[in-house]
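# Observations on the model geometry
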Amino acid sequence: MRIDIIAIFPEMFEGPFTESIIKRAVNKGIVEIGLHNLRDYSTDKHHKVDDYSFAAGAGMVMMIEPVDNCITHLKSQRSYDEVIYMSPDGEILNQPLCNQLSMKENLIILCGHYKGIDERIREHLITKEISIGDYVLSGGELGAAVLVDSLVRLIPGALGDETSALSDSFQDGLVSPPVYTRPREYKGWSVPDILLSGNDMKINEWKLEQALLRTQERRPEMYEKFKADSKNSSL
Ligand code: SAH
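Residues numbered from 1 in each chain as written. Predicted model: local features only at pLDDT ≥ 70, side-chain atom pairs only at ≥ 80, totals over all residues. Heavy atoms only, no water.

### As for the domain arrangement of the protein chain
Formally: An automatic or database domain assignment is the source of the domain bounds shown.
Taken domain by domain, the protein chain consists of domain 1 (2-152) and domain 2 (169-233). Computed from C-alpha atoms alone, the centre-to-centre distance between domain 1 and domain 2 is 36 Å.

This is the structure we're talking about:
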């Protein structure tokens, strides 16, 4: 998979992309990440990428030309499955959307800043808009880092077996059951006996029971959907 990110602060990705799973995936060649500074695509002598909004008092807006130049340049090198704009009013990122996007070959992610981007970019150049939640960030970079992390860990080979993405929360429509490690007893707080029983069938039953209980308590809407889906699939 290749991901090209267009941003005015590409240095912001240095932390998240140079540690842990993303770093390993890049080193293994599982994912290639291209960072592009939008200012390099400005024809203005001061590398300007924003201008005043036509609406009075609205603040600065990112201009079309540098974005168009950058996207055109990238598209001349390969074809892209999606040109994504990180936006608070986009489709809210969730696990099914991550699963779907992780199977794509090439993606472009555009990060906005200031008051946002000229609407004509969204109309003519963007194919998908994604939000990481109902709150407003200062820029799209942090959102793009969240999106990239959630996609890369799903690409086969990115995670070791011990952290398999398939057993994570949301993959089967439930949140994850609790997990424990050594010591068995700490300050009198002990690990549930069942986990030390060595009986795999009983342990799996316990995990499912716990996942159901947690989902019912913490995410009632998800629990109702899980119950309805299980009923339909057993009809
Ligand atoms: N005026 C806009 C907010 C602009 S915030 C509005 O009210 O909708 C500046 C940039 O941060 C946006 O262009 C977008 O790229 C990014 N951004 C802000 N909140 C986001 C969110 N919840 N998810 C993804 N990107 C977000």
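On we go.
### Considering the packing of helix H7 (residues 200-218) against helix H8 (residues 220-233)
Helix-helix packing is described using two parameters, namely the angle between the two axes and the distance between the axes. The criterion, for reference: Axis geometry follows a simple rule: fit a line to the C-alpha atoms, using only the stretch in contact for helices, then measure angles between N-to-C directions, giving values from 0 to 180 degrees. Strands here are runs of E lasting at least two residues and helices are runs of H or I lasting at least four, both read from the DSSP assignment and numbered beginning at the N terminus. Note on angle classes: values under 35 degrees are labelled roughly parallel, values over 145 roughly antiparallel, values of 65 to 115 roughly perpendicular, and the remainder oblique. By the convention used here, residues are in contact when the closest approach between their heavy atoms is within 4.5 Å. Classification convention: Asp, Glu, Lys, Arg as charged; Ala, Val, Leu, Ile, Met, Phe, Trp, Tyr, Cys, Pro as nonpolar; all other residues, Gly among them, as polar.
Here H7 crosses H8 at 130°, and the two axes come no closer than 5 Å. What the angle tells us is that H7 and H8 run oblique. Touching Leu-212, Thr-215, Gln-216, Glu-217 and Arg-218 of H7 are Pro-220, Met-222, Tyr-223 and Phe-226, all from H8. Classifying every residue of the contact of H7 with H8 by side-chain character gives five nonpolar, two polar and two charged.

### Quick notes on the nonpolar core
Operational definition: In these notes, a set of buried Ala, Val, Leu, Ile, Met, Phe, Trp, Tyr and Cys residues joined through side-chain atoms within 4.5 Å is what counts as a nonpolar core. The cut-offs for exposure are 20% and 50% of the maximum accessible area for each residue type, with area from a 1.4 Å probe on protein chains only; residues under the lower value are buried, those over the upper are exposed, and the others partly exposed.
Within the largest apolar cluster, 31 residues are counted, with the highest numbers of intra-cluster contacts made by Ile-5, Phe-13, Leu-101, Ile-109, Ile-130, Leu-147 and Val-148. At the level of secondary structure, the elements contributing two or more residues to this core comprise strand E1 (2-7), helix H2 (20-28), strand E5 (82-92), helix H4 (95-102), strand E6 (106-110) and helix H6 (140-152). The leading source of residues in this core is H6, at six residues. Look past the residues within four positions of Ile-109 in its chain and what remains in contact with it is Ile-3, Asp-4, Ile-5, Ile-6, Ile-84, Met-86, Ala-144, Leu-147 and Val-148. With 19 residues, the next largest nonpolar core counts Ile-6, Val-67, Tyr-85 and Ile-121 among its residues.

### A few points about the site of the ligand
Test applied: Any residue with a non-hydrogen atom lying within 4 Å of a molecule or strand is treated as near it. Polar contact criterion, stated in full: a pair of N or O atoms within 3.5 Å, where within protein one must be able to donate a hydrogen and the other to accept it, and residues adjacent in sequence count only if both atoms are side-chain atoms. In this description, accessible areas are obtained by the Shrake-Rupley approach with a 1.4 Å probe, and a residue is regarded as covered only by the protein chains that are shown.
Not every one of the 19 residues close to the ligand is listed here, only the nearest: Tyr-85, Met-86, Gly-112, Tyr-135 and Leu-137. Interatomic distance of 2.6 Å between a backbone N/O atom of Met-86 and an oxygen atom of the ligand. One nitrogen or oxygen atom from the main chain of Lys-115 is found 3.0 Å from a nitrogen atom belonging to the ligand. Its free accessible area being 560 Å², the ligand has 84% of it covered by the protein chains.

### As for the packing of H4 against H6
Contact pair H4 / H6: the axes reach a minimum separation of 9 Å and the direction vectors enclose 70°. It follows that H4 is roughly perpendicular to H6 by the angle criterion. Contacts between H4 and H6 involve Cys-98, Leu-101 and Ser-102 from the first element and Leu-147, Ser-150 and Leu-151 from the second. Of the residues that constitute the contact of H4 with H6, the class distribution is four nonpolar, two polar and no charged.

### Re the pairing of E5
Where we set the bar: For two strands to pair, DSSP has to find at least two bridges joining them. A crossover gets the label right-handed when its path from the first strand over the helix to the second runs clockwise, viewed with the strands pointing away from the viewer.
Strand direction decides the pairing type here: E5 and E6, joined by four bridges, are parallel. Opposite Glu-82, over in E6, you have Leu-107 as the bridge partner. A crossover connection joins E5 to the parallel E6 through H4; in handedness this β-α-β unit is right-handed. Two strands pair when backbone bridges link them, and E5 and strand E7 (residues 128-131) are joined in this way by five bridges, in the parallel orientation. Note that in E7 the partner of Ile-92 across the bridge is Ser-131.

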